[in-house]
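Architecture and fold: a report
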Amino acid sequence: MIGPDGVGKSSLLALIAGARRLQQGRVLVLDGDMADAAHRRQVCPRIAYMPQGLGKNLYPTLTVFENLDFFGRLFGQDAEERQQRITDLTRSTGLATFIERPAGKLSGGMKQKLGLCCALIHDPDLLILDEPTTGVDPLARNQFWELIARIRANRPQMSVLVATAYMDEAQRFDWLVAMDEGRVLATGTPTELLTSTASDDLEAAFIALLPEEKRRDHRALVIPPRQQSEGQPDIAIEAHDLTLRFGDFVAVDKVSFRIERGEIFGFLGSNGCGKTTTMKMLTGLLPASEGEAFLFGQPVDPRDIDTRRRVGYMSQAFSLYGELSVVQNLELHARLFHIPADQRAGRVREMLTRFGLESLAGSLPADLPLGVRQRLSLAVAVIHKPEILILDEPTSGVDPIARDGFWKLLVELSREDGVTIFISTHFMNEALRCDRMSMMHAGRVLDSDSPRALMARRGLPTLEQTFIAYLQDATAEQTPTEAAPQTPRSGPPAGNAALQSRFSLQRLLSYSGREAMELRRDPIRATLALLGTLMLMFIMGYGINLDVENLTYAVLDRDQTTTSQAYTQNIAGSRYFSEQAPLHDYDELERRMRSGEISLAVEIPPNFGRDLKRGSQPEVGFWIDGAMPMRADTIKGYVQGIHVSYLQQLAREASQNAATSQVDIALRYRYNPDVQSLPAMVPAVIPLLLMLIPAMLTALGVVREKEL
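None of the values given here were measured: they were computed from a predicted structure. (Residues numbered from 1 in each chain as written. Predicted model: local features only at pLDDT ≥ 70, side-chain atom pairs only at ≥ 80, totals over all residues. Heavy atoms only, no water.)

This part covers the overall build of the protein. Counting its secondary structure elements, the protein contains 28 helices and 19 strands. For the protein, buried positions account for 44% of its 708 residues. Within the protein, contacts between residues separated by at least 24 positions form 70% of all contacts whose residues are at least 6 apart in sequence. (Helix = DSSP H or I, 4+ residues; strand = E, 2+ residues; numbered from the N terminus. Buried < 20%, exposed > 50% of the residue type's maximum accessible area, 1.4 Å probe, protein only. Contact = heavy atoms within 4.5 Å.)

Right, dumping it as structure tokens:
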């Protein structure tokens with residue numbers, strides 16, 4: 001399956017693998033319809049699916065052996081068979097010496113090989129590889145396909161489906177399916193596609209297969225030679241022994257180069273080799289641990305805004321705001337770069353025209369094709385007319401026509417406007433378009449010169465072969481001779497019946513064992529699982545308290561008699577209240593309650609004692625802070641209880657018989673005699689947390705599996 005990102009290759013492979021539900025049509029895989037659930041359960045154990053992205057089917061905290069052992073357990077293999085297969089696979093792929101290394105610490109090429117071993121642990125009949133070589137260096141890519149060829153020679157009954165955006169590696173496949181916008185453009189052998197389109201290479205053949213409206217205005221890209229400056233060259237970017245460390249890890253190691261003004265300078269290397277880190281040091285986004293970097297002869301200083309305004313930077317992730325339209329993105333960046341207000345509208349119109357965005361000015365970035373989003377990102381990066389443009393893998397995943405159109409804009413900026421362009425890439429045909437380039441591997445620059453000069457220096461016909469030769473000289477690890485795995489297939493895989501069932505105890509135990517191993521190596525998850533319940537018990541149990549005690553209150557006593565004082569003493573004797581200085585008027589009551597000094601104000605009216613003795617019913621005012629309704633209701637209950645208790649006391653003292661029943665009911669609370677919320681709530685919180693923590697960990701595990 002050949003084509004750029006977003007044309008449907010991965011979706012089609014997922015349908016074939018049974019990982020996605022089919023909406024219309026039929027997919028026949030291994031003599032059956034994948035829409036049939038029974039057939040899917042029967043054939044999925046015979047399919048190996050390696051998803052897109054380095055190490056996506058691996059568990060980074062597990063070692064090479066533990067990853068392979070886990071997949072062997074999933075397919076029902078016993079200990080002896082697992083050990084035999086793991087030994088065979090690791091020896092054949094050169095991973096035997098790294099058997100105890102965590103998968104997360106492997107290089108990109110070794111992650112590829114381990115992912116392939118995990119896919120082949122059960123001898124599948126169908127191997128599906130979704131862009132398995134994207135982002136790795138040419139040497140690792142070449143070794144990967146040589147390994148696949150040896151495996152196929154040993155197991156000719158196994159079919160292999162591959163999705164790729166690299167046209168050069170598609171040349172080695174038996175049969176090709178060219179795709180665009182979810183449709184099949186053509187099928188056939190590489191030779192048939194080249195012959196039918198009268199093309200010299202597959203990239204040109206793919207362009208010829210595209211619909212007429214897409215390729216109507218396409219022309220072969222021609223890069224005019226750069227005019228050499230007379231006398232001393234004008235240096236725009238310079239690096240001397242640039243080094244960056246993250247702890248003990250050296251991301252960039254003594255990188256040195258010089259880039260002349262107006263030059264297109266390429267940075268060629270695989271993902272993770274240090275290209276992006278170097279670019280961030282040149283823009284001041286990351287401070288260098290050692291060495292020096294200069295822009296226009298001035299040391300790179302993150303605080304030097306004037307120098308940084310002369311630089312445009314386009315990162316790997318598109319630097320666009322999804323909620324803003326095309327024109328709004330341009331206007332925002334014009335303001336951010338302090339373009340004068342009277343020039344902004346003209347500059348925005350200029351960018352829309354130059355980059356072919358006029359008809360899309362009101363569209364959102366998410367609604368644009370990948371190639372158009374790329375042009376918009378470039379327009380945003382150059383709206384302030386920088387003298388240096390730094391581009392970090394700007395054409396990854398786009399179709400050849402959009403890539404050529406993007407390069408046409410770069411050539412115009414370089415040759416007509418004199419902009420210095422520093423571009424990183426892992427496409428060989430793009431590196432060939434640069435005036436000069438540096439080849440980078442494992443944080444080091446291997447060599448720098450023009451592409452033709454580098455090929456001549458090695459005496460090799462292509463840049464890919466030249467890069468591979470440099471990589472072979474630079475690598476410190478001696479890769480052992482690899483051979484195809486020799487494990488014979490005898491009948492259906494072990495445990496096949498269990499794999500076809502909806503529930504398998506063996507699979508459940510396999511996942512549980514893997515989670516336990518990951519838990520032991522992840523202190524954060526281990527702490528959450530083991531100490532989280534205890535910590536949450538204290539936090540939730542002792543932090544949630546519905547008891548309302550030590551409420552501050554003050555009295556506005558307008559009676560000032562022994563009776564009114566006795567009434568207020570009844571409140572002061574309660575553990576629920578804390579008496580403050582008395583009030584003198586309403587203004588003071590309002591001020592102190594508004595400031596939060598008191599939560600309750602008690603107003604005793606004039607003649608309270610006299611009216612009470614006469615048998616009247618004087619009204620006592622209680623002013624409650626209602627900012628917290630639940631607490632206010634609790635205070636109201638306290639006050640009513642204290643008031644009733646006081647009236648009952650008065651009745652007893654006056655020998656007045658209140659209406660009573662023949663039976664006195666005395667309440668006694670067992671286990672929680674003081675009716676406090678803590679003893680009541682904490683025991684209930686514990687079982688809730690015991691259910692909550694495992695549920696959280698289970699959800700985390702399920703989500704991670706879904707992401708993989």
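Back to the write-up after that little detour.
Let's shift gears to unusual backbone geometry. A positive phi angle, close to 50 degrees, is found at leucine 30, a residue other than glycine. Looking at where leucine 30 falls in the secondary structure, it is placed in the loop between helix H1 (9-17) and helix H2 (37-43).

A word on the pattern of salt bridges. Applying the stated criterion across every chain yields a total of 36 salt bridges. Here arginine 258 makes a salt bridge to glutamate 238, at a shortest N to O gap of 3.5 Å. Within this pair, whereas arginine 258 is found in strand E7 (residues 249-260), its partner glutamate 238 is found in strand E6 (residues 235-246), the two being separated by 20 residues in sequence. Bridged by salt links that share partners, the residues Arg226, Glu260, Arg415 and Asp435 form one connected network. (Salt bridge = Lys/Arg side-chain N within 4 Å of Asp/Glu carboxyl O.)

On to the side chain of asparagine 67. Structurally, the position occupied by asparagine 67 is in helix H3 (residues 64-74). In this structure, asparagine 67 is in contact with Leu58, Tyr59, Leu62, Ala103, Leu114 and Cys118, ignoring residues within four places of it in sequence.

On to the environment of leucine 446. For leucine 446, the position within the fold is in strand E15 (residues 444-449). For leucine 446, a relative accessible area of 23% corresponds to the partly exposed category. Once the C-alpha coordinates of leucine 446 and leucine 471 are considered, the two residues, 25 residues apart in sequence, prove to be 8.1 Å apart. Apart from the residues lying within four places of it in its own chain, the contact partners of leucine 446 are Met439, His441, Phe467, Tyr470, Leu471 and Ala474.

By size, the foremost hydrophobic cluster in this structure holds 50 residues, and its most contacted members are Leu114, Leu116, Leu127 and Leu129. The leading source of residues in this core is helix H5 (residues 108-120), at 7 residues. With residues up to four places along the chain from it excluded, the contact list for leucine 127 reads Ala48, Leu116, Ala119, Leu120, Ile148, Met158, Ser159, Val160 and Leu161. Core analysis: the next-biggest nonpolar cluster, separate from the first, contains 33 residues, Met314, Ile339, Ile383 and Cys434 among them. (Core = buried A, V, L, I, M, F, W, Y, C linked by side-chain atoms within 4.5 Å.)

A separate point is the sheet that holds strand E8 (residues 264-268). Reading across from one edge, E11-E12-E13-E8-E14-E15 is the order of the 6 strands in this open sheet, with mixed pairing throughout. Each having just a single partner strand, strand E11 (311-314) and E15 make up the two edges of the open sheet. Sheet twist, expressed as the average angle between the axes of neighbouring strands with direction ignored, equals 15 degrees. In the sheet, E8 pairs with strand E13 (residues 420-425) via 5 bridges, with the strands oriented parallel. The residue bridging isoleucine 264 from the neighbouring strand is isoleucine 421, located in E13. Those strands touched by helix H16 (residues 400-415) are E8, E11, strand E12 (388-392) and E13, and its axis lies near 150 degrees from that of E13. (Pairing = 2+ DSSP bridges. Axes fitted to C-alpha atoms, helices over the stretch in contact; angles between N-to-C directions.)

All right, on to helix H18 (residues 451-458) then. Among the residues making up H18, those that are buried are Pro451, Leu454 and Met455. Seen end-on, H18 carries its buried residues on one side only, within an arc spanning 95 degrees. Along H18, exposed side chains directed more than 90 degrees from the buried face belong to Arg452 and Ala456. Buried residues belonging to H18 abut helix H17 (428-431), strand E14 (436-441), E15 and helix H19 (463-474). Downstream of H18 by one or two residues, glycine 459 has phi in the positive range, about 70 degrees. (Arc of directions from axis to C-beta.)

It is worth spelling out the packing of helix H13 (residues 326-336) against helix H14 (residues 341-354) at this point. Relative to each other, H13 and H14 sit at 130 degrees, their axes nearing to 10 Å. Here H13 lies oblique to H14, going by the angle between them. H14 is crossed by H13, and the crossing has right-handed handedness. Note on element contacts: H14 touches H13 through Arg344, Val348, Met351 and Leu352, opposite Val326, Val327, Leu330, Glu331, Ala334 and Arg335. Partitioning the contact of H13 with H14 into residue classes produces 7 nonpolar, no polar and 3 charged. (Parallel < 35°, antiparallel > 145°, perpendicular 65-115°, else oblique. Left-handed = near helix turned anticlockwise from the far one by under 90°. Nonpolar A, V, L, I, M, F, W, Y, C, P; charged D, E, K, R; others polar.)

This paragraph deals with the sheet that holds strand E9 (residues 290-295). If you walk across this open sheet you meet the 4 strands as E7-E6-E9-E10, and the pairing is antiparallel. Whereas interior strands pair on both sides, the edge strands pair on one side only; in this sheet they are E7 and strand E10 (298-299). The strands that helix H11 (residues 275-282) touches are E6, E7 and E9; relative to E6, the one it contacts most, it runs at about 120 degrees.

Any aromatic ring pair is given by two values, namely how distant the centres are and how the planes are angled relative to each other. According to the stated counting rule, one finds 15 aromatic pairs in the structure shown. Between tyrosine 59 and phenylalanine 70, the aromatic rings sit 5.4 Å apart at their centres with planes inclined by 90 degrees, giving edge-to-face as the arrangement. Of the two residues, tyrosine 59 is situated in the loop between strand E1 (47-50) and H3 and phenylalanine 70 in helix H3; the sequence distance between them amounts to 11 residues. On the accessibility criterion, tyrosine 59 (3% relative accessible area) is buried. Ring centres of phenylalanine 70 and phenylalanine 71 lie 5.5 Å apart, and the angle between their planes is 70 degrees; on these two criteria the pair is classed as edge-to-face. Each member of the pair phenylalanine 70 and phenylalanine 71 is classed as buried. One aromatic cluster is present, formed by Tyr59, Phe70, Phe71 and Tyr511 through successive ring pairs. Over the aromatic face of tyrosine 586 sits the side chain of arginine 558, whose NZ or CZ is 4.9 Å from the ring centroid. (Phe/Tyr/Trp six-rings, centres within 6.5 Å; stacked < 30°, edge-to-face > 60°. Lys NZ or Arg CZ within 6 Å of the ring centre and 35° of its normal.)

Along the chain, arginine 82 falls in helix H4 (residues 79-93). If we ignore the near neighbours within four places in the chain, the residues touching arginine 82 are Asp69, Gly72, Arg73 and Gln77.

Within the fold, histidine 441 resides in strand E14. With 172 residues separating them along the chain, histidine 441 and glycine 269 place their C-alpha atoms 6.1 Å apart.

In the contact formed by helix H9 (residues 202-209) and H16, the axes pass within 9 Å of each other and the chain directions differ by 105 degrees. Regarding the angle of H9 to H16, the classification is roughly perpendicular. Here Glu203, Phe206 and Ile207 of H9 come into contact with H16, specifically with Pro400, Ile401, Arg403 and Asp404. Of the residues assigned to the contact of H9 with H16, the class counts are 4 nonpolar, no polar and 3 charged.

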